[in-house]
Amino acid sequence: MGEIGLYLHIPFCVRKCAYCDFLSFPAGEEMKKIYASALIREIRGYRNAAEDSKVTSIFLGGGTPSLMPVRQLRAVFQAIYDTFPVDKDAEITMEMNPGTVNEALMSFVFDSVNRVSLGMQSAVDEELVTLGRIHTFEDVRKSVELLRESGVKNLNLDLMSGIPGQTEASWARTLSAAVSLGPEHISAYSLIVEEGTPFFRMKEEGSLVLPDEETERRMYTMTRDVLARSGYAQYEFSNYAREGFRCRHNIRYWKRGDYLGFGVGAASLFRGSRWSNTRDVDEYIRLSPDPGALVRGMERLNKRAEIEEYMFLGLRMTEGVSSAAFREAFGVEIRDLYGDVIDRQIRSGLMDEPKEGTFRLTDRGIDISNVVLAEYLLD
Ligand code: SF4
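Residues numbered from 1 in each chain as written. Predicted model: local features only at pLDDT ≥ 70, side-chain atom pairs only at ≥ 80, totals over all residues. Heavy atoms only, no water.

Chemist: Tell me about the sheet that holds strand β14 (residues 351–352), residues and numbers included.
Modeler: Strand order in the open sheet made by the 3 strands is β13-β15-β14, with antiparallel pairing throughout. Here the strands that pair on one side only, and so sit at the sheet edges, are β13 (321–322) and β14. Alignment of β14 against strand β15 (residues 358–361), held across 2 bridges, turns out to be antiparallel. Directly across from Met351, in β15, lies its bridge partner Leu361. The strands that helix α13 (residues 334–347) touches are β13, β14 and β15; relative to β15, the one it contacts most, it runs at about 45°. (Pairing = 2+ DSSP bridges. Helix = DSSP H or I, 4+ residues; strand = E, 2+ residues; numbered from the N terminus. Contact = heavy atoms within 4.5 Å. Axes fitted to C-alpha atoms, helices over the stretch in contact; angles between N-to-C directions.)

Chemist: Please provide a residue-by-residue account of the nonpolar core, values included.
Modeler: Ranked by internal contacts, the top residues of the largest apolar core, which has 96 residues, are Phe84, Met120, Leu147 and Leu260. Take this core: its biggest share by element is 7 residues, from helix α1 (residues 29–44). Counting residues domain by domain, this core receives three or more from each of domain 1 (2–253) and domain 2 (303–374). In contact with Phe84, other than residues within four places in its own chain, are Leu6, Ile43, Tyr46, Ala50, Val55, Leu260 and Phe262. Counting 11 residues, the second largest nonpolar core, distinct from the first, contains Cys20, Leu131, Leu191 and Val193. (Core = buried A, V, L, I, M, F, W, Y, C linked by side-chain atoms within 4.5 Å. Buried < 20%, exposed > 50% of the residue type's maximum accessible area, 1.4 Å probe, protein only. Domains from an automatic or database assignment.)

Chemist: Tell me about the environment of Arg360, residues and numbers included.
Modeler: Note on placement: Arg360 falls in strand β15. A residue is classified by how much of its surface remains accessible, and Arg360, at 29% relative accessible area, is partly exposed. In the structure, Arg360 is positioned 39 residues away from Val321 in sequence and 6.5 Å away in space, judged by C-alpha atoms. Beyond its immediate sequence surroundings of up to four residues, Arg360 is in contact with Leu315, Thr318, Glu319, Gly320, Leu350, Met351, Asp352 and Pro354.

Chemist: Please provide a residue-by-residue account of the domain arrangement of the protein, values included.
Modeler: Partitioning the protein into domains gives domain 1 (2–253) and domain 2 (303–374). Every contact between the two is made by 11 residues of domain 1 and, on the other side, 12 residues of domain 2. With both sides pooled, the region where domain 1 packs onto domain 2 buries about 1,000 Å², and carbon together with sulfur makes up 53% of that total. Considering only the surface of domain 1 that becomes buried against domain 2, Arg224, Glu236 and Phe237 emerge as the three largest contributors, covering 51% of it. Scanning the region where domain 1 abuts domain 2 turns up 3 salt bridges. (Buried area = accessible area lost by both parts, 1.4 Å probe. Salt bridge = Lys/Arg side-chain N within 4 Å of Asp/Glu carboxyl O.)

So, in structure tokens, the structure goes:
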């Protein structure tokens, strides 16, 4: 029986953050109800498609899943358990926005979820205002307290560096505040100014003052050092965990394992094909009785694209890629395709070989990963 992960997209947010280009928007209670019914129809439509796949991770993302009423969350989960064999040890993550964590959610969290990912972003309230977040750092602290009281034993905090106006000192404050909350996992991403967002428009107008590249690099190094000293091992460019708490769902993405995405705009990679659902929520709701009609951009991956993706994603992980796994996945030797690149990068100190046949980027390699990874494109 193959293993599979499920992603459920909940597109609702209280309001849009200034940097956000995710598929999310504010919605009323009626819309949430209608959307949950569509999600259930879509999930149930997969009854015969993946019955021989065991679900080992579920990720409830968004948007803000914690905005969904508990009754609807329960109904969606019932549809999952009716449709798929879910492993009893499956990792089940729910994303939450600190401004929306409340007592009413906790019964669902207690019996349906075993990992919570909380969007803290910063410990500095002025930075949270700049980002357009709906919460303060005090809300983060209270949310963590409530989640712990409710029995959550696997907690991630999402942090963001590169915020307009952020300094090395304020980033240090955020890191130390995050560590003091005692999460099992920390994700630290750097802000990307995406087209179509208010930040993008401000950048075009010249009114967005971002930390310069050198400061960003020092923040990245600081993140690695502070978190390592606090017991969080880096296992991916932006992800750090205490022993035994790496995110199994995200590792599946990086290792190109199978996953099915449900909900508007959700992406899937399943048995060598990749597709996304329509990004139009009205269309999603209308077509949800026929999951096949939701599919956009179905693509059968060719071997070359799969190999390139395997290297890009695999080298993001600090364990790197192994020759044996590569051979098993593609039936060719990694050195036959990439021997020259690997040797050159090892000579330049961008890559090392911690044990024979395993290749990973060094800290220097990670610092200039855009350039380093581009060398794994096949001609
Ligand atoms: S809470 Fe997340 S998904 Fe919602 S608007 Fe902000 S960044 Fe986007």
